[in-house]
Amino acid sequence: MGKILAMGISPELETLLRKEHQVLSVADGKAALICSAQEKPDLILLQGAWPGVEMKVLLKNLREVPGQTYVPILLLTSNVNPEEMRLAFEQGASDYVALSGHEDEVLLRVRVHLQTYQRYQEAEAARVRLESQIAELVSMFNVSDGRESARLLSICAWCYTRVEPVKGHWVSLEQYLKDTLGIALTHGICPECLVEFMQSGTNGKNAAQAGQQSHTTRILKGSSR
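For clarity, every value in this text was computed on a predicted model and none was experimentally measured. (Residues numbered from 1 in each chain as written. Predicted model: local features only at pLDDT ≥ 70, side-chain atom pairs only at ≥ 80, totals over all residues. Heavy atoms only, no water.)

A. Spatial organisation of unusual backbone geometry. Residue Lys 40 is not a glycine yet carries a positive backbone phi of 50 degrees. The topology assignment puts Lys 40 in the loop between helix H2 (29–39) and strand S3 (43–47). (Helix = DSSP H or I, 4+ residues; strand = E, 2+ residues; numbered from the N terminus.)

B. Representation of the nonpolar core. The biggest cluster of nonpolar side chains holds 18 residues, and the ones touching the most others in it are Leu 5, Met 7, Ile 44, Leu 46 and Leu 58. Of all the secondary structure elements, the ones that give two or more residues to this core are strand S1 (3–7), strand S2 (22–26), H2, S3, helix H3 (53–63) and strand S4 (73–77). If you tally residues by element for this core, the top one is H3, at four residues. Residues within four places of Ile 44 in sequence aside, it is in contact with Leu 5, Ser 36, Leu 62, Val 71, Pro 72, Ile 73 and Leu 74. Ile 4, Leu 74, Leu 76 and Leu 114 belong to the second-largest nonpolar core, a separate cluster that totals 15 residues. (Core = buried A, V, L, I, M, F, W, Y, C linked by side-chain atoms within 4.5 Å. Buried < 20%, exposed > 50% of the residue type's maximum accessible area, 1.4 Å probe, protein only. Contact = heavy atoms within 4.5 Å.)

C. Inspection of the environment of Glu 90 at higher detail. Its location among the elements puts Glu 90 in helix H4 (residues 82–91). Glu 90 gets classed as exposed once you look at its relative accessible area, which sits at 51%. When the C-alpha positions of Glu 90 and Leu 59 are compared, they lie 9.4 Å apart, and in sequence the two are 31 residues distant.

D. Region of the structure containing a nonpolar patch on the surface. Together, Leu 130, Ile 134 and Val 138 line one region of the surface with nonpolar side chains, adding up to about 240 Å² of accessible area. Within the element layout of this structure, Val 138 appears in helix H5 (residues 103–141). A residue is classified by how much of its surface remains accessible, and Val 138, at 32% relative accessible area, is partly exposed. (Patch = residues over 30% accessible without salt bridge, like charges linked within 9 Å, V, L, I, M, F, W, Y side chains within 5 Å. Areas by Shrake-Rupley, 256 points an atom, 1.4 Å probe, with all protein chains shown as cover. Salt bridge = Lys/Arg side-chain N within 4 Å of Asp/Glu carboxyl O.)

Given below as structure tokens:
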């Protein structure tokens, strides 16, 4: 179900759309702009005199409504002249449907464009979340301009699995990442450790312990230099 802003469509088509969607019906271009800004529809369906200066201006203005840059705009038209349709696309139309009395085609195109816009919204939301997580991570380590001293997080040099975010309070690295960034760890093995694992002949049961011992040995060797 989507929220559709409709201008000038027939009562029959509006009735069909209302069976699956919320329809915001307006009478003219001014009302369409106001409704678009206030209601943030998922799709705009326009029927009117095309080509026409008013419709071209309306398309351009609808694209300039904040938050509505990528909302699909469908034109219902009896004019399928390629040149006029090219102008319509240049002004911001996403698609057009020829008025031929086949409401099924209109419903199908509406459904397809709504699904595409929903996927765009999901991708945009994921991008915003990722940017927020990156900003939080950058803020945590205070590396905004490369000149400030980074915030240091103590990690145990022996087990390398526990950190000290607060003086005297040690928690597992996995728990720390989950609590601060919402990151859950999974398991893998880097190429260097894979070589050591294969050479050591360690079985799967003791792989983690052997890897940790190898890591601790490297730390101790490094500290004795």
